[in-house]
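Coordinate inspection notes
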Amino acid sequence: QVQLAESGGGLVQAGGSLRLSCVASEGTFGRYHMGWFRQAPGKERESIAGIGFGGITYYTDSVLGRFTVSRDNAKNTAFLQMNSLKVEDTAVYYCNAGGLVTRTGSVAGNFWGQGTQVTVSS
């Protein structure tokens, strides 16, 4: 059972940047596909990006070119660099492990972090 902890959220003005981190509790992190999801108020949780254990990446269209996902297996950590943030990026952001990431999509696994709030002001 892997535990995940996100950090790095906060309040930022439109056009700004934030970097989210997701630290996993165990050393088998390198074997997991890591997904990033978000849930805005009144909306369903959506997959926005992911990185496979081999490094393959996925981005949904709304974040492609603005967000970058990466991982440091030595530190059991995944990252989501978010640039050119928009008001519509406001949401709780979650990392996920144990699912599947391909170039065309990401499916959630069983392990979720607690979420971190990202608020983008106009």
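These numbers come from a predicted model, not from an experiment.

Unusually for a residue other than glycine, Asn76 sits at a positive phi of about 50°. Taking the relative accessible area as the measure of exposure, Asn76 reaches 16% and is therefore buried.

The tally for this structure, following the rule as stated, stands at 3 salt bridges. When the shortest N-O distance is used, the salt bridge between Arg38 and Asp89 registers 2.9 Å. With Arg38 in strand S4 (residues 34-39) and Asp89 in the loop between strand S8 (77-82) and strand S9 (91-97), this residue pair connects regions lying 51 residues apart in the sequence. Each member of the pair, Arg38 together with Asp89, is buried. Of the charged contacts, one joins Asp89 and Arg66 as a salt bridge, the two residues approaching to 2.7 Å between their closest N and O atoms. Of this pair, Asp89 sits in the loop between S8 and S9 while Arg66 sits in the loop between strand S6 (57-59) and strand S7 (67-72), and the two are 23 residues apart along the sequence. For the pair Asp89 and Arg66, a shared accessibility class is recorded, and that class is buried. Several salt bridges share partner residues, and in doing so they unite Arg38, Glu46, Arg66 and Asp89 into one network.

Here we take up the sheet that holds S8. Taken in spatial order, the 4 strands make up an open sheet running S1-S3-S8-S7, and their pairing is antiparallel. Each of the sheet's edge strands pairs with one partner strand only, and the pair in question is strand S1 (4-7) and S7. On average, each strand axis in the sheet is tilted by 15° relative to the strand beside it, whichever way the strands run. Note that S1 and strand S3 (residues 18-24) share 4 bridges and pair antiparallel. The residue of S3 that forms the bridge with Glu6 is Cys22.

About the criteria used
Residues numbered from 1 in each chain as written. Predicted model: local features only at pLDDT ≥ 70, side-chain atom pairs only at ≥ 80, totals over all residues. Heavy atoms only, no water. Buried < 20%, exposed > 50% of the residue type's maximum accessible area, 1.4 Å probe, protein only. Salt bridge = Lys/Arg side-chain N within 4 Å of Asp/Glu carboxyl O. Helix = DSSP H or I, 4+ residues; strand = E, 2+ residues; numbered from the N terminus. Pairing = 2+ DSSP bridges. Axes fitted to C-alpha atoms, helices over the stretch in contact; angles between N-to-C directions.

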